[in-house]
Amino acid sequence: MRNFLLARLLQAGLVAVVVGALCFVLMRVMPGDAAMRIAAGRYGPDARIAEAAKMVRLELGLDRPLVAQFLEWLGNLLRLDLGHSLVTGSPVIHELKVQLGASVWLAASALALSLLIGPVIGLFSGLKAGGAIDRLGLAGAVIFRAIPPFVLGLMLMLVFSKQLGWLPPAGFGSAREMLLPALTLALGLAAMSSRVMRNSVAAVARAPYFAFARYKGLPESVVVRRHGLRNAAIPVVSYIALQAVYLVEGVVVVESLFAYPGIGHALVHAVVERDIPMVQGTALAMGLMFVVIAAIVDLLTHWLDPRMRRMA
Amino acid sequence: MSTIGDIARPKGRLTTGRMFGAGLLVLLGGFATIGPVLIPADPAAQDFSASLAPFGGDFLLGADHYGRSLLARLAHGARLSFGLAFLTMLAAAVPGVLLGLAAAWKGGWTERFLELTATIVLALPGLMLVLLLLAFAPGNYGPLFLGLSLTLWVEFYRVTKATTKSALAQPHIEAALMLGFGSRYILVNYVLPVVAPMIATLSTFAMATAIIAVSTLSAISVGLQPPTPELGSMIVELLPYYAEAPVHVLLPAMLIFLLVLGLQLLAQGDHP
């Protein structure tokens, strides 16, 4: 248990250092003078750019040795100081707070929706492996896995907001606006988790303890609930840990598509605008979100499977 | 012993799913390679009088809002997607497999160092790494390609390492080692046959991932920029006209879907 959390904490630290180092190196390797670029980003490319660049150089200490600069960046990070956005001028951490919250909500609702869809389909497919539901589920999973998330999002947008007019195509604030982006992500996730659930339920259904529960004369629903679900859920949950990548990457795509004001949207914007501190900050936040999701899944598997606790 | 055999061999069977995937890929591959040669139309040539032209007539598959031939753009887009995905896959597979072999063969510090590198890459979502690289050179093939291969090599490395390690521990290979057969001979005759089918499967998955990633990034306007006939950006460009020409929007989307579907079916026909 403590080992889990320690490993995840280490991973979080690793993410922070790697994102920082990567941005730092790229910034220095980039053609042109960093101070010049920052000055141009701040004050616009006018005639007194050289003067402005000199000021920026002094202000940010760009003339000092690289190692010293990098260590200073790390030190600032520890004090939660991520610098200021080159575009808006406000502190990066300030903007991140709002956006990260929005993204976490989106990811959480997508995950919840996908758990309503995927494992349920998987359960019915697995209890009658090879049956009609199983085959339909398989076809659905194959199709939804081959559709890129952005195409799926556009299709949902066209159908539900343009044609039917049920849901708004973009925006933020209420559950109505969240539903389409969350559904886009959830369908992709469910396509995969339904199959994992199906295989795991099929395996449990073949197991002796499952047959024994039936021989005892327990009603079918009790057999499934008490002896099936929990055992079948373990592989699904650990599979979701692998899908944390899909979820975090999907957040970038879906947020940009639906103009949802989260961390992914902010990252894409910062990339387009070359707002390096914002790129660093948003990438850091996304990396940490990824670590947190993985940690939560660790805890869930732990809770679902008491055998792990006894072993640890 | 049996586990390696299970993973490596029986999947070679030609199931219907696999056959279908392979057929689909041959068709699309043909369209991507021969299409741009056979179709005389320039994918960038604009003709405003033919804006959103329907099927048939001068344009077999119609024209987009600038009056550019959709057939030509689709063929060039398929070539771009296929080509970029293939290159990305190669750039990920070659170092991944070689490093995996090295780690399994040498062990010790080589393995520890490579393991650490792989862990670091895995700690970051791949798309984020690509976005970071793109931040410094938007709209270029270079960072897109580099970023994707940088994230995809890890999978090749890990699978190669694990398989090679357990293969090397098998009695008949140990015997060959002790009999003094050269490392080259053992790699080619004993290790490669076990690793190769898995690498083939991973390669098709890597290509599918690359195709989706490139089109997605272009669609959210950080990947390749519009004049390039890229399937993802074509969809977004045509989207405002979906009411007048719904099929035109569907065509590039369909093409991506079929490409990815073909690759995925080929990769794991038995149990998707």
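Rules used in this analysis
Residues numbered from 1 in each chain as written. Chains lettered and ligands numbered in written order. Predicted model: local features only at pLDDT ≥ 70, side-chain atom pairs only at ≥ 80, totals over all residues. Heavy atoms only, no water. Helix = DSSP H or I, 4+ residues; strand = E, 2+ residues; numbered from the N terminus. Expected span 1.5 Å × (residues − 1). Buried < 20%, exposed > 50% of the residue type's maximum accessible area, 1.4 Å probe, protein only. Contact = heavy atoms within 4.5 Å. UniProt positions renumbered as here; feature names shortened; annotations may be inferred. Salt bridge = Lys/Arg side-chain N within 4 Å of Asp/Glu carboxyl O. Polar contact = N/O pair within 3.5 Å; in protein donor to acceptor, adjacent residues only side chain to side chain. Domains from an automatic or database assignment. Buried area = accessible area lost by both parts, 1.4 Å probe. Nonpolar A, V, L, I, M, F, W, Y, C, P; charged D, E, K, R; others polar.

**Some points on helix H3 (residues 70–106) of chain B**
Thought 1: Look at H3(B): 53 Å from first C-alpha to last across 37 residues, which is about the 54 Å you get at 1.5 Å a residue.
Thought 2: After H3(B) finishes, the residue Gly107(B) shows a positive phi value of roughly 65°.

**A look at the environment of Gly188(A)**
Residues and elements named next belong to chain A.
Thought 1: By secondary structure assignment, the location of Gly-188 is in helix H8 (residues 175–206).
Thought 2: Exposure remark for Gly-188: the relative accessible area of 3% places this residue in the buried category.
Thought 3: As for Gly-188 and Phe-24, which are separated by 164 residues in sequence, their C-alpha atoms are 34 Å apart.
Thought 4: Once you skip the residues sitting within four places of it in the chain, Gly-188 turns out to touch Leu-152 and Tyr-246.

**Side note on unusual backbone geometry**
All names here are of chain A.
Thought 1: The backbone of Ala-259 sits at a positive phi, close to 50°, despite the residue not being glycine.
Thought 2: Positionally, Ala-259 belongs in the loop between helix H10 (220–258) and helix H11 (263–273).
Thought 3: Overall, the relative accessible area of 40% leaves Ala-259 in the partly exposed class.

**Remarks on the UniProt feature "transmembrane region" (unreviewed entry) in chain B**
Residues and elements named next belong to chain B.
Thought 1: Here the UniProt feature "transmembrane region" (unreviewed entry) sits at residues 20–39, 80–104, 116–137, 172–192, 198–224 and 245–267.
Thought 2: Helix makes up 81% of residues 172–192 and strand makes up 0%, while its end C-alpha atoms are separated by 15 Å.
Thought 3: In this annotation, residues 198–224 is assigned 81% helix and 0% strand; the end-to-end C-alpha distance for the span is 31 Å.

**Describing the environment of Leu189(A)**
All names here are of chain A.
Thought 1: Within the secondary structure layout, Leu-189 lies in helix H8.
Thought 2: Put simply, Leu-189 and Ser-114 are 75 residues apart on the chain and 6.0 Å apart in space, counted from C-alpha to C-alpha.
Thought 3: In contact with Leu-189, other than residues within four places in its own chain, are Ala-110, Leu-111, Ser-114, Gln-243, Tyr-246 and Leu-247.

**Considerations on the side chain of Ser193(A)**
Thought 1: Inspection of the secondary structure assignment puts Ser193(A) in helix H8.
Thought 2: Sequence-distant contacts of Ser193(A), defined by excluding residues within four places in its chain, comprise Ser114(A), Gly118(A), Pro119(A), Val236(A) and Tyr239(A).

**Thoughts on the interface of chain B and chain A**
Many analyses report the size of an interface as the accessible area lost when the parts associate.
Thought 1: Every contact between the two is made by 37 residues of chain B and, on the other side, 42 residues of chain A.
Thought 2: The tally of links from chain B across to chain A stands at zero salt bridges.
Thought 3: Between the two partners, chain B and chain A, sit one residue pair in polar contact (both at pLDDT 80 or more).
Thought 4: Breaking the side of chain B that touches chain A down by element, the ones donating at least two residues are helix H4 (108–122), helix H5 (126–134), helix H8 (183–219), helix H9 (231–238) and helix H10 (246–267) of chain B.

**Describing the domain arrangement of chain A**
Residues and elements named next belong to chain A.
Thought 1: As assigned here, chain A comprises domain 1 (2–92) and domain 2 (93–311).
Thought 2: Facing 25 residues of domain 1, the contacting portion of domain 2 comprises 24 residues.
Thought 3: Per-residue buried area on domain 1 facing domain 2 is highest for Phe-4, Arg-8 and Val-92; these three make up 29% of the total on that side.
Thought 4: Our enumeration of links across domain 1 and domain 2 arrives at zero salt bridges.
Thought 5: Along the contact surface separating domain 1 from domain 2 lie zero residue pairs in polar contact (both at pLDDT 80 or more).
Thought 6: Secondary structure elements with two or more residues in the side of domain 1 that touches domain 2: helix H1 (2–29) and helix H4 (66–78).
Thought 7: A total of twelve residues in the side of domain 1 that touches domain 2 trace back to one element, the largest contributor, which is H1.
Thought 8: Taken together, the residues of the side of domain 1 that touches domain 2 sort by class into 17 nonpolar, six polar and two charged.

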